[in-house]
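# Structural features, examined
This is what each chain is made of:
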Amino acid sequence: MNNQTKQTDVHDVLKDREYKYGFVTEVETDTLPKGLSEDVVRAISQKRNEPDFMLEFRLKAYQQWLKMTPPAWPHLKYPPIDFQDISYYSAPKKKEKLESMDDVAPEIRETFEKLGIPLSEQKRLANVAVDAVFDSVSVATTFKKKLAEVGVIFCSISDALHDHPELIKKYLGSVVPVGDNFYAALNSAVFTDGSFVYIPPNTKCPMELSTYFRINTEGSGQFERTLIICDKNSQVSYLEGCTAPTFDTNQLHAAIVELVAHEHADIKYSTVQNWYAGDPETGKGGIYNFVTKRGKCEGDHSKISWTQIETGSAITWKYPSCILKGDYSVGEFYSVALTNGIQQADTGTKMIHIGKNTRSSVISKGISADRSSNAYRGLVKVLKSAKNARNYTQCDSMLVGDKCSAHTFPYIEGANHTAQLEHEASTSKISEEQLFYFQQRGISKEDAISTIINGFCKDVFQQLPMEFAVEATRLLTLKLENSVG
Amino acid sequence: MLEIKDLRAGYEGVEILKGISLSVKKGEVHSIMGPNGSGKSTLSKIIVGHPLYEVMGGSVQYEGQDLLELEPEDRAQNGIFLAYQYPVEIPGVNNAEFLRMAYNAKLKKEGKEEVDPLDFEEILSEKMKILSMDKKYRERSVNDGFSGGEKKKNEILQMAILQPKLTILDEIDSGLDIDALKVVANGINKLKTPDKAMIVITHFPRLLEYIQPDYVHVLSAGKIITSGDKNLAHELEAKGYDYLLAKA
């Protein structure tokens with residue numbers, strides 16, 4: 001046996017098992033024709049019956065977007081996207097007013113049950129409140145009443161626009177300005193819905209909050225946004241999950257997530273991203289995931305922690321970031337990005353130190369298999385005002401096979417001599433000898449690979465909320481399991 | 001138990017073993033000795049099914065079935081264990097968890113219920129005591145940053161946990177000082193039972209003072225040139241390989 005055939009063995013083991021969320025739900029939708037113009041922006045705002053300030057927000061974003069071009073700096077290759085070939089509004093038709101969860105269209109309820117997210121009153125996930133977003137529209141939010149008892153607002157952005165316009169007006173776009181980048185401007189102009197969370201002062205949110213995003217309609221972009229505000233001395237843990245059907249055309253997903261943490265507030269935001277990755281040979285049909293996620297540690301001693309498990313999408317472009325404005329504020333970023341087939345990921349974080357004694361830590365684990373490309377891009381910026389700022393960055397890559405690639409682009413900006421910045425990086429490979437060692441002890445190659453991968457990602461998995469850590473381990477194993485198994 | 005007939009095998013198309021026959025029965029300890037490059041390690045790799053080694057002829061029967069047909073993990077689950085000359089490091093994988101996975105794979109094969117981490121803890125503690133291994137090695141990554149002696153002890157610990165029917169010790173003495181060698185050999189001897197067999201591969205006759213073989217085979221250029229009892233090892237110690245090779 002020569003080395004070449006040996007390599008193929010590993011690939012066989014790593015062959016993506018069939019994407020099991022690839023089904024499409026037949027549901028009546030209200031979809032705008034393809035194309036983007038000022039009229040389309042106005043139509044979206046009108047359909048959602050929005051207050052005037054929201055339309056102005058959108059139009060301002062649209063005007064800025066017109067002057068912008070897609071970023072060319074990422075380590076990604078894909079054909080130019082025709083932004084006029086996308087429908088910017090698709091919503092499942094629904095009854096005027098949902099009286100209870102049982103009013104949600106049965107097809108949609110079934111879709112979420114199939115995905116393991118039961119919405120019906122009886123079967124809800126214990127201690128996790130879910131906002132279910134179907135093609136950019138929030139279709140159901142569970143545990144609303146129970147949360148309201150402690151003053152926590154958890155609802156769709158649309159509902160928040162009508163019920164709490166002052167909060168939306170104050171915070172929407174306060175962390176990611178409408179003209180922040182090409183995709184953020186696009187989202188700000190056309191976003192349809194998303195989740196809104198407000199935690200009042202001195203409140204520990206009594207349960208995990210979560211949004212489950214589902215793309216369903218072919219040819220429609222998904223543009224949702226999430227806004228989470230955590231007031232003084234409060235705490236919240238939030239989880240986001242994503243899946244999409246298997247289509248032949250690539251789907252654009254351009255979301256925005258904004259987090260605001262006031263004094264002594266603590267926000268933990270976790271993502272398990274499992275969008276359709278596209279055909280493993282051609283990449284056809286995968287999701288283009290261009291997402292802007294940013295949190296602002298507004299108050300002193302506040303903390304924002306991002307954890308992401310990125311396993312899907314044909315292209316991942318996202319940099320969950322922290323603006324550490326408050327003194328003694330803390331920013332964290334824990335990431336596992338797995339690429340397989342011909343997936344490409346350019347992901348990382350930005351830590352902007354403004355306040356005194358601010359701290360940030362970054363732990364990034366990139367796993368590349370088959371012919372995929374995986375890049376970590378991270379910026380640590382220390383402003384003059386950020387006395388005694390500290391950052392620790394650890395960036396580990398694991399290669400599986402010899403056709404994949406891993407890249408690290410760390411950027412450090414800062415003129416502050418009191419800052420302490422540490423950066424560690426490593427690259428490793430799963431070797432044949434390691435796999436055989438497992439086999440010689442009676443453990444199959446598949447189990448060996450998932451054990452090594454899980455060991456590699458341990459530091460990040462530990463950061464996930466308990467309920468989802470097991471799920472993440474399982475997802476990664478499935479992604480790398482041989483379909484024959 | 002193990003019946004090797006006229007085995008020819010090699011690596012990257014080059015024939016290294018040029019017709020080996022060997023019969024190992026329950027309760028026996030066989031020692032394979034020979035100079036560097038004689039094919040000792042190749043023989044062990046073929047028995048455990050290492051994918052880089054290639055069988056070019058002959059047969060290997062194990063407990064009445066064709067061993068060469070079996071996947072490496074099936075051979076292991078059927079009770080074949082190789083104690084590595086150079087144990088592999090697996091960063092990030094917890095040693096105790098690795099041992100439990102291996103133990104459970106064996107239990108599953110035997111149709112028994114798998115053990116949870118708590119129950120396994122007891123089994124592990126007991127075995128580690130025999131080898132006077134520090135508890136800290138449970139929590140560390142498999143062989144990662146272990147010293148040579150610690151790695152070898154960890155191999156014997158796995159052997160103690162898995163209770164293999166046929167153990168191949170590949171140069172288990174290499175890189176060990178005399179004290180560590182005594183601990184390792186002592187551990188191995190405690191695991192010897194009348195229903196188990198061992199193949200002890202070594203370059204130096206010294207090891208055989210601690211692990212007494214029933215048979216000694218001398219391998220040279222891919223062939224067994226002479227076989228005998230433990231006195232052959234003594235003869236080797238006194239006169240060296242050259243003498244034997246000349247005699248053959």
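Whatever comes next refers back to the structure up there.
Definitions and cut-offs
Residues numbered from 1 in each chain as written. Chains lettered and ligands numbered in written order. Predicted model: local features only at pLDDT ≥ 70, side-chain atom pairs only at ≥ 80, totals over all residues. Heavy atoms only, no water. Buried < 20%, exposed > 50% of the residue type's maximum accessible area, 1.4 Å probe, protein only. Helix = DSSP H or I, 4+ residues; strand = E, 2+ residues; numbered from the N terminus. Pairing = 2+ DSSP bridges. Axes fitted to C-alpha atoms, helices over the stretch in contact; angles between N-to-C directions. Contact = heavy atoms within 4.5 Å. Left-handed = near helix turned anticlockwise from the far one by under 90°.

Residues and elements named next belong to chain A. Residues Ile315 and Trp317 line one face of strand S15 (residues 315-318) and the alternating positions Thr316 and Lys318 line the opposite face, and both faces are buried. Relative to S15, strand S13 (residues 287-297) is paired through four bridges, and the arrangement is parallel. Within S15, the residue paired with tyrosine 288 across the bridge is isoleucine 315. Of the pairings in the sheet, the one linking S15 to strand S18 (residues 344-353) comprises four bridges and is parallel in character. Looking at the pairing, isoleucine 315 lines up with glutamine 344 of S18.

On to the sheet that holds strand S12 (residues 223-228) of chain B, then. Residue and element names in this part refer to chain B. With mixed pairing, six strands are arranged side by side in an open sheet as S6-S9-S10-S3-S11-S12. At either end of the open sheet lies a strand with only one pairing partner, and these are strand S6 (80-83) and S12. Neighbour-to-neighbour, the strand axes of this sheet turn through a mean angle of 20°, independent of strand direction. Note: strand S3 (residues 29-33) against strand S11 (residues 215-220), four bridges, orientation parallel. Bridge pairing in S11 links isoleucine 32 to histidine 217. Lying over the sheet, helix H6 (residues 148-162) contacts S6, strand S9 (166-170) and strand S10 (197-202), oriented at roughly 165° with respect to S6.

To continue, consider the packing of helix H3 (residues 95-109) of chain B against H6(B). Residue and element names in this part refer to chain B. Running from amino to carboxyl end, H3 crosses H6 at an angle of 35°, the nearest separation of the two axes being 10 Å. Both H3 and H6 take part in a crossing whose hand is right-handed. Taking contact as the criterion, the partners of Asn95, Phe98, Leu99, Ala102, Tyr103 and Lys106 in H3 are, on H6, Asn154, Leu157, Gln158, Ile161 and Leu162.

Take the pairing of strand S20 (residues 373-382) of chain A next. Residues and elements named next belong to chain A. Judged by how many residues are buried, S20 sits mostly within the fold: nine of ten residues are covered. Pairing of S18 with S20 involves ten bridges; the strand directions are parallel. Looking across to S20, one finds that threonine 349 is bridged to glycine 378. As defined by bridge partners, S20 adjoins strand S22 (residues 405-414) across ten bridges and the pair is classed as parallel. Bridge pairing links arginine 377 to phenylalanine 409 in S22.

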